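Report on the structure
The primary structure of each chain is shown beneath.
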Amino acid sequence: MRPKEQLRQILIQALQQAQASGEIAFETLPAFEVEEPKQADHGDLATNLAMVLAKPAKMAPRKIAEIITNNLAAPEGMLQKVEIAGPGFINFFIAAAYWRQVIPEIYSLGLEYGNSELGRGQKVQVEFVSANPTGPLHIGHGRGAALGDALANLLTAAGYEVVREYYINDVGNQINTLGKSLYFRLRELQGEKIDFPEDGYQGDYMKDLARDYLAAGNPPPSPSPTEEDFVTLGRYAGDVILAGIKKDLEDFGVSFDRWFSETDLYDQGEVEKSFQHLKEKGFLYEQDGALWFKSTAFGDDKDRVVRRSTGVTTYFASDIAYHLYKFQQDYNLVVDIWGADHHGYVPRLQAAVEALGVEGRLQVILVQLVSLLRHGEPVAMTTRGGTFVTLREVIDEVGKDAARFIFLTRRPDSHLDFDLEVAKTQSPENPVYYVQYAHARLASVFRQAEAQEIPLPEPDPGLFPLLQLPEETSLLKMLAHYPELMEAAARNLEPHRITYFLTDLASQLHSYYYKHRFISEDAALTQARLCLVQAIQTVLAHGLGILGVEAPETM
RNA sequence: GCGCCUGUAGCUCAGAGGAUAGAGCAACGGACUUCUAAUCCGUGGGUCGCAGGUUCGAAUCCUGCCAGGCGCGCCA
């Protein structure tokens, strides 16, 4: 159901009729809202239409409201009462029968209820995580992973054709550094006392990696290593680490359609091709022996080097080529999810995308950093120093579902405090379990019904008038609003709205469950309630599916 | 110094032009012969960082200031 959209159309028709009869005159219809008022005595839906029309129509808002309400032509039985209130709100009280229509709709659509055609099959790429394969994923990557995955699910449900991609930075001197780090750990393992390079990756995982390397029967480190040896070791380490990353993501419930290697950009000449593009448009120039991209032409603070005087291209050059490549795949929209520590990088990439002529089709979502706490005390995290909490530890300690839910309860902009102990020790009261419990509880009800040989409910419209409790109407309303909520979440790229909706729905369900028995002596009422509750369970499962959180049958 | 993000209840966070600002946790008081108590019901708790401005109306938009986080390489 799309109650807001339906009412919006009814309002527009009423206005057109009023215009035709000369009761009101204005040039263009201003933007107006149809929303659910916070307060129950303001009705089920309300609009500010009369107020925003006051100026263009040169008329008092309440007078306009009167004209609109007099011209309303809603379907039979939809509107119970219409009130003009306050400065000119029009409040609509919707008949319970209207909301009850949602049950057969959910029955017929099943887990497709909540999906939409918003995207009309447009292609969207979501690129996320894309952590360098120089160390294991940490908790911050987990946040990006949860967001990217949920967003991809959300957009898929909204009718977009979504590709999930992970960009692997496997070019440049970090591979060298990684190889060097492994090399020195290997020497250490052979009993030598080594001054570990300062710019090396100091985390313990490199020691483990060295141990595994030798255990696997690989040749010991050469006493006089060449650059090539470092690169070889670096590639080895990169492969092992990347395999670990893939495993972590898999266990976090995240999968990718594509792992894109930066190396391929060079092998396929994409970097040169992008230089060519920019050169033709006059956005490249040489200075001090280096090649520069004129990003200031697009509002960046300064121009940026794409090829150093040494002849080596920069990371930025790869990224330009990568994004040119992306847009050659006919994506209508490309979403990049980055850690907020890269925010300074946005203007230059947007500049490059604009220079390549695909302005407005790249959206970068910055996800703020995660501050890690334990018992309320900050835990220091530095990647190089190697003291950080890995995603693996979070999955093991807190659990995939709880961690994802926590990440998806915040908007990306918020600076998130993640307290490991709170996430863990409070776990019974963690909102994720609250929502999951609602689903499991309903599963239990159906098991009970089966045990009592009560037939599975059929959405017989004759039954629904039995659903008259305020709790029931309220739940029906929530279900009816779900598709529009999903659309809004997709349009704004905000999966967290779903998290809040689900918590709300679970709350109402728990309350309903506590006050009223679903299975009772009254066979017809039992059927009616089981229908309602079945619909609720379907929506819970759908929403949890978007978030990538399990919808358990038992707990 | 410049830029981005944030500032809402004791804590963690929603709300992003609408009417009397919400939730979870924590605190306090109640409810298990029941379809799962991982639940429910109730109470207390706020100068929406501060100051101006815009308007019928501002937590929400604009400006300035304060505080915290993160950035400002021919690094990735």
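For the structure, see preceding data.
So, here is what we can say about the structure in this document.

**Quick notes on the protein's contact with RNA strand B**
- Surveying the vicinity of RNA strand B reveals 65 residues, the closest of which are His-343, Arg-410, Tyr-434, Tyr-437 and Ser-444.
- When atoms of RNA strand B within 4 Å of the protein are sorted by moiety, sugar and phosphate together comprise 63%.
- At 3.2 Å, a side-chain N or O of Gln-368 approaches a sugar or linking oxygen of RNA strand B.
- At a separation of 3.0 Å, a phosphate oxygen of RNA strand B approaches a polar side-chain atom of His-496.
- Taken together, the elements giving at least two residues each to the surface near RNA strand B come down to helix 2 (49–57), strand 4 (89–94), strand 9 (290–293), strand 15 (416–419), helix 17 (431–451) and helix 19 (496–515).
- At nine residues, helix 17 tops the list of elements feeding residues into the surface near RNA strand B.
- For the surface near RNA strand B, a count of residues per class yields 26 nonpolar, 24 polar and 15 charged.

**Details of the sheet that holds strand 10 (residues 304–307)**
- Ordered in space as 8-9-10, the three strands form an open sheet in which the pairing is antiparallel. Edge positions in the open sheet fall to strand 8 (284–287) and strand 10, since each of these has one partner strand only. The average undirected angle you get between the axes of adjacent strands in this sheet is 45°.
- When strand 9 meets strand 10, the two strands line up antiparallel, connected through three bridges. Bridge pairing links Leu-291 to Arg-307 in strand 10.

**A closer look at helix 2**
- Regarding helix 2, the residues found buried are Leu-49, Ala-50, Leu-53, Ala-54 and Ala-57. The arc that holds every buried residue of helix 2, seen down its axis, measures 145°, which confines them to one face.
- Turning to helix 2, the residues buried within the fold contact helix 1 (3–20), strand 2 (45–47), helix 3 (61–71) and strand 4.

Definitions and cut-offs
- Residues numbered from 1 in each chain as written.
- Chains lettered and ligands numbered in written order.
- Predicted model: local features only at pLDDT ≥ 70, side-chain atom pairs only at ≥ 80, totals over all residues.
- Heavy atoms only, no water.
- Near = heavy atom within 4 Å.
- Polar contact = N/O pair within 3.5 Å; in protein donor to acceptor, adjacent residues only side chain to side chain.
- Helix = DSSP H or I, 4+ residues; strand = E, 2+ residues; numbered from the N terminus.
- Nonpolar A, V, L, I, M, F, W, Y, C, P; charged D, E, K, R; others polar.
- Pairing = 2+ DSSP bridges.
- Axes fitted to C-alpha atoms, helices over the stretch in contact; angles between N-to-C directions.
- Buried < 20%, exposed > 50% of the residue type's maximum accessible area, 1.4 Å probe, protein only.
- Arc of directions from axis to C-beta.
- Contact = heavy atoms within 4.5 Å.

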